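Descriptive analysis of the structure
Here is what each chain is made of, one letter per residue.
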Amino acid sequence: MSYQHAYRESDFVLRHLIDFDALCVEHGFEGVDLELANTLIDEAARLGAEVLAPLNVVGDREGVGMDTHGVVEAPGFAAAYRQFAEGGWQSLMVDERHGGQGLPNVLNAAVSEIWHAANLSLALCPMLTEGAIDAIAEHGDEALCARYLPHLASGEWTGTMNLTEPDAGSDLAAIKARAVPDTDGQGYRISGQKIFITWGDHRMTDNIVHLVLARLPDAPPGVKGISLFVVPKHRPETPGQDNGVRCLSVEHKLGIHASPTCVMAFDDAWGELVGEPHQGLAYMFTMMNHERQVVGLQGLAITERAYQQARLYAMERLQGTRRDGSRVPIIAHPDVRRMLMTMKSGLEAMRALVLEAAAERDRACGAHDAEGRAHHLARLELYTPIVKGWITEFAQELTSLAIQVHGGMGFVEETGVAQHYRDARILTIYEGTTGIQALDLVSRKLLADEGAGLESLFVEMDETLAALGRAEDETLAVLIGPFAEALSRARQACGWVLREAGADRQLAGAVSVELLMLLGYLCGGWMHARSALAAFRLLADGEGERAFLEAKLVTARFYCEHLLARTQGALTSVLAGATSLMALDAEQF
Amino acid sequence: MKVLVPVKRVIDYNVRVRVKSDHSDVDLANVKMAINPFCEIAVEAAVRLREDGKASEVVAVSVGPKVVQEQLRTALAMGADRAIWIETPETPETAGLGPLGIAQLLAALVREEQPGLVLLGKQSIDGDNNQTGQMLAGLLDYPQGTFVSGLELGDEEVEVVREIDGGLQTLALRLPAVVTTDLRLNTPRFIRAPDIMKARRKPIAHTAPEQLGVNPAPGPRTLAVHPPEPRAGGRRVESVGELVEHLRQAQVI
């Protein structure tokens with residue numbers, strides 16, 4: 001099934017919600033504007049639709065292979081990746097000093113939606129490279145940057161992230177991989193095994209740059225003793241020569257079949273320390289926080305792909321006969337409408353939130369003073385678990401609905417919509433499960449500042465509510481009630497957790513996912529309210545495409561009336577606390 | 001040798017075209033626009049000639065209001081060296097320009113720029129006139145090769161393969177010449193992101209019909225635009241006899 005980027009949607013968000021041109025002027029992106037952004041998006045959309053998207057089903061069916069030289073990627077992937085790399089798409093947001101193009105993060109996010117929607121498995125590879133570039137650029141010294149970044153930015157080499165070990169998953173304190181200074185004093189020797197390494201091996205490029213967490217001989221125990229190393233598949237000065245880095249096997253998975261998930265063995269492999277010793281985990285988190293937002297973006301992308309397929313099927317599939325004998329496409333049936341509206345309104349909320357969160361990084365980096373920087377960084381960090389946790393959970397439901405719209409045909413693999421559902425399943429797991437996101441939200445974002453960061457977000461939502469009221473228009477007025485109630489529920493839930501968490505040690509962990517979902521739906525509602533305001537103003541000024549803008553208003557209404565209702569369920573669950581959840585002994589299960 | 005490539009801004013071929021409710025025109029408001037696919041092929045051909053060292057400079061040109069700069073930027077991102085924007089207050093059609101008027105403007109520009117080769121798309125996917133290239137050649141009294149699917153540029157001549165009824169025709173044209181491209185000449189490249197950025201810094205020169213000393217001939221007037229009739233539902237007939245009866249009634253046999 002073909003894929004077309006929803007260019008009107010990304011244009012609407014960038015133009016009216018982000019105010020992209022103003023962001024570029026204010027935060028130092030000289031010569032960048034929406035016209036340039038849309039040109040880049042159009043061209044990426046062409047590459048995505050014509051080259052990456054047709055390979056998606058091929059990758060799902062063929063998967064990846066292994067021989068004595070390591071991983072063999074799915075057919076056609078190497079050529080497609082080369083086109084991606086030669087197009088210069090790897091380095092949109094990389095600093096110009098390192099061979100990149102220095103464009104805003106929010107633009108990179110808008111473009112990346114295309115890669116992930118077109119081919120999630122393939123897009124994971126440049127996504128990991130982007131993370132590696134981030135970590136090296138942020139924490140490596142100049143020599144390290146000069147050695148690796150130009151090759152990574154050009155897409156000539158790819159990057160990976162090696163954290164997980166068989167006994168160290170969410171608990172990275174248990175990492176065992178070792179690093180010892182090399183006898184010649186140049187670098188280190190790394191040994192150990194890593195698992196779940198995405199695109200850990202392939203033949204699409206001449207070299208692969210692994211970022212590896214390992215312990216130095218003098219390392220203190222726990223998370224304070226982990227250092228970050230760059231370990232290339234081949235040492236830059238000896239191309240093609242073995243460096244003791246091997247993929248032992250690849251996993252058989254539910255989805256993303258064309259993305260090799262590798263067991264990696266490092267056997268006395270030469271590597272270089274990134275930054276200072278024992279700071280590895282903190283460094284990895286700069287990379288991880290960005291990756292978490294991108295996984296949220298993947299949730300949006302895969303939902304868009306599934307929605308496009310469901311929408312087409314609903315328009316073409318005829319079931320039922322009208323009185324005049326003509327057949328009825330299933331999109332006429334109210335329950336199919338319910339599913340499509342849930343998908344459409346969910347998608348639009350997701351996209352706006354992903355881009356809004358991505359823009360916070362640009363606002364933070366380009367802030368004019370420390371106060372502004374701190375404000376936008378705090379907001380960025382607050383959004384991260386919501387974008388990652390809520391969007392990827394929601395994507396499970398929405399990709400499932402895309403199958404449901406197809407009825408029995410959806411369950412048949414040849415139809416192709418099942419792949420999106422299977423591919424989406426990893427999103428709530430990797431880069432920190434939903435549970436980890438929710439804990440991050442409650443402990444580091446809510447309890448840590450006693451709710452100050454969230455309250456500043458709620459105050460901005462109050463302002464949007466006031467603006468909806470000031471418009472004195474029926475199409476906007478219908479949003480006010482549900483949105484105000486959802487906001488008040490969020491305040492109630494956060495306040496309750498802040499009051500009660502001290503007394504009950506299990507409470508934060510028990511209610512965190514429901515709280516995260518409540519805040520996710522609320523943020524989605526805020527995005528819809530702002531979209532509706534923008535659409536209303538444009539319609540009043542007689543600007544823009546009428547049918548498109550009117551649909552925005554209706555979609556916002558559907559979201560507020562039907563999806564914000566879920567915040568009540570979440571609140572009820574939060575307020576019930578940990579009691580029944582933790583009451584059974586483990587033996588009683 | 002300099003190659004001049006006129007390009008046209010048209011509705012993107014992926015967009016479903018709608019007619020304005022007053023039937024005055026096709027609705028262009030907030031519709032995604034793109035470079036005409038045949039023009040894109042012409043730009044690609046010209047850029048390849050320069051990359052192969054057979055052409056020294058590729059100049060893109062477009063006629064229309066300020067927004068046509070977007071399509072000129074696309075041509076620049078594909079590899080054209082510079083661009084010329086011939087400004088008209090509205091789209092050529094709304095400004096009353098037809099293929100002849102456009103050809104007159106281009107002819108004036110050709111006399112100024114003196115390219116060795118003018119490469120155009122064989123037609124635009126909006127008007128589907130398929131006339132501008134031929135008229136331009138006529139006005140300039142240049143040799144013309146139309147519907148070209150093969151192109152070999154020499155110093156004095158250009159050899160073209162034309163797609164004609166019943167086969168292919170190979171012609172050698174004396175330069176300077178006008179060549180219009182068919183679909184099979186090439187597949188336009190994917191544009192590299194850095195080239196899109198670089199295109200922003202390439203120059204777009206501005207001119208206008210008065211500056212070129214042209215008072216373009218008026219084109220056809222659009223009286224009304226109607227969408228095609230939606231397809232009526234079919235119906236099942238019981239017998240061949242009944243089918244023939246229906247066809248007779250519909251006066252198709």
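Residues numbered from 1 in each chain as written. Chains lettered and ligands numbered in written order. Predicted model: local features only at pLDDT ≥ 70, side-chain atom pairs only at ≥ 80, totals over all residues.

A few points about the overall build of chain B
Stated precisely, the cut-off is as follows: Numbering of helices and strands runs from the N terminus, with a helix taken as a DSSP run of H or I at least four residues long and a strand as a DSSP run of E at least two residues long. With C-beta atoms placed from the backbone, a residue is buried if 20 or more other C-beta atoms are within 10 Å of its own, exposed if 12 or fewer are, and partly exposed between those counts. Placing a C-beta atom from the backbone of each residue, one calls two residues in contact when those atoms lie within 7 Å.
Across its full length, chain B carries six helices and 11 strands. C-alpha atoms of chain B, sized along the principal axes, occupy 70 × 40 × 40 Å. For chain B, the proportion of its 253 residues judged to be buried stands at 38%. Put simply, of all contacts in chain B between residues at least 6 apart along the chain, 70% involve residues at least 24 apart.

Some thoughts on the overall build of chain A
Condition: In this treatment the radius of gyration is a C-alpha quantity, and the globule benchmark scales as 2.2 Å times the residue count to the 0.38 power.
Assigned secondary structure in chain A consists of 20 helices and 11 strands. For 589 residues, the compact-globule estimate of 2.2 N^0.38 gives 25 Å, and the C-alpha radius of gyration of chain A, at 24 Å, lies within 12% of that figure. Principal-axis analysis of the C-alpha atoms gives chain A an extent of 80 × 60 × 60 Å. By residue count, 53% of the 589 residues in chain A fall in the buried class.

Overview of the UniProt feature "domain: Acyl-CoA oxidase/dehydrogenase middle" (unreviewed entry) in chain A
How we decide: UniProt positions are given in the numbering used here, feature names are shortened, and annotations may be inferred rather than shown by experiment.
In the numbering adopted here, UniProt assigns the feature "domain: Acyl-CoA oxidase/dehydrogenase middle" (unreviewed entry) to residues 161-268 of chain A. Here residues 161-268 of chain A is 0% helix and 42% strand, with 18 Å between the C-alpha atoms at its ends.

Details of the domain arrangement of chain A
The line we're drawing: What marks off one domain from the next here is an automatic or database domain assignment.
According to the domain assignment, chain A consists of domain 1 (7-153), domain 2 (158-281) and domain 3 (441-582). If you average the C-alpha positions of domain 1 of chain A and of domain 3 of chain A, the two centres end up 31 Å apart.

Observations regarding the sheet that holds strand β7 (residues 144-153) of chain B
Residue and element names in this part refer to chain B. In plain terms, the rule: We call two strands paired when DSSP finds no fewer than two bridges between them. Each axis is a line fitted through C-alpha atoms, and for a helix only the stretch in contact is used; angles between axes span 0 to 180 degrees, taken between their N-to-C directions.
On the basis of which strands lie adjacent, the open sheet formed by nine strands has the order β9-β8-β7-β10-β6-β1-β4-β5-β11 and mixed pairing. With partners counted over all chains shown, the strands left at the sheet margins are β9 (167-174) and β11 (204-207), one partner each. Neighbour to neighbour, the strand axes of the sheet diverge by 35° on average, direction disregarded. Pairing geometry for strand β8 (residues 157-164) and β9, over eight bridges, is antiparallel. Along β9, the bridge assignment pairs Glu157 with Arg174. Along the sheet, helix α4 (residues 132-140) makes contact with β6 (117-121), β7 and β10 (177-181), crossing β7 at roughly 85°.

Overview of the UniProt feature "domain: Acetyl-CoA dehydrogenase-like C-terminal" (unreviewed entry) in chain A
Mapped onto the present numbering, the UniProt feature "domain: Acetyl-CoA dehydrogenase-like C-terminal" (unreviewed entry) falls at residues 458-585 of chain A. Helix makes up 84% of residues 458-585 of chain A and strand 0%. Its end C-alpha atoms lie 39 Å apart.

Some words on the UniProt feature "domain: Electron transfer flavoprotein alpha/beta-subunit N-terminal" (unreviewed entry) in chain B
If you check UniProt for "domain: Electron transfer flavoprotein alpha/beta-subunit N-terminal" (unreviewed entry), the listed places come out as residues 23-216 of chain B in our numbering. Helix makes up 29% of residues 23-216 of chain B and strand 29%, whereas the separation of the span's terminal C-alpha atoms amounts to 26 Å.

Details of the pairing of strand β10 (residues 318-321) of chain A
Two elements, β10 of chain A and strand β11 (residues 327-329) of chain A, share two bridges in a ladder whose sense is antiparallel. Its bridge partner lying in β11 of chain A, Leu318 of chain A is registered against Pro329 of chain A.

Re the nonpolar core
Using the following cut-off: Buried Ala, Val, Leu, Ile, Met, Phe, Trp, Tyr and Cys residues form a nonpolar core when they are connected through C-beta atoms within 7 Å.
Val5 and Ala60 of chain B are the most contacted members of the largest nonpolar core, which has 259 residues in total. Ranked by residue count, the leading element in this core is helix α17 (residues 507-540) of chain A, at 21 residues. Not counting the four nearest positions on each side in its chain, Val5 of chain B is found in contact with Ala42, Val43, Ala46, Val58, Val59, Ala60, Ala75, Ala80 and Leu119 of chain B.

Description of unusual backbone geometry
All names here are of chain B. Cis peptide bonds are those with omega within 30 degrees of zero, and the linkage from Leu175 to Pro176 qualifies with -5°. Checked against the element boundaries, Pro176 lands in the loop between β9 and β10. Although it is not a glycine, Asn130 sits at a positive phi angle of roughly 60°. Phi at Asp141 takes a positive value of approximately 55°, unusual for a residue other than glycine.

A few points about the interface of chain A and chain B
Selection criterion: Classification used: nonpolar for Ala, Val, Leu, Ile, Met, Phe, Trp, Tyr, Cys and Pro, charged for Asp, Glu, Lys and Arg, polar for all others including Gly.
Across the contact, 20 residues belong to chain A and 15 residues belong to chain B. Counting residues per element, the ones that place at least two in the side of chain A that touches chain B are α3 (34-52) and α5 (77-86) of chain A. No other element matches α3 of chain A, which puts seven residues into the side of chain A that touches chain B. In terms of residue class, the side of chain A that touches chain B is made up of six nonpolar, nine polar and five charged.

A short note on the packing of helix α1 (residues 7-17) of chain A against α3 of chain A
All names here are of chain A. As a reminder, the rule being used: The scheme is simple: roughly parallel for angles under 35 degrees, roughly antiparallel for over 145, roughly perpendicular for 65 to 115, oblique for anything else. When the near helix sits turned anticlockwise from the far one by under a right angle, the crossing is termed left-handed; a clockwise turn instead gives a right-handed crossing.
Relative to each other, α1 and α3 sit at 155°, their axes nearing to 11 Å. The angle between α1 and α3 places the two elements in the roughly antiparallel class. In this structure, α1 crosses over α3, and the sense of that crossing is right-handed. Here Tyr7, Ser10, Asp11, Leu14 and Arg15 of α1 lie close against α3, whose contacting residues are Leu34, Ala37, Asn38, Ile41, Asp42 and Ala45. Residue composition of the contact of α1 with α3, grouped by class: six nonpolar, two polar and three charged.

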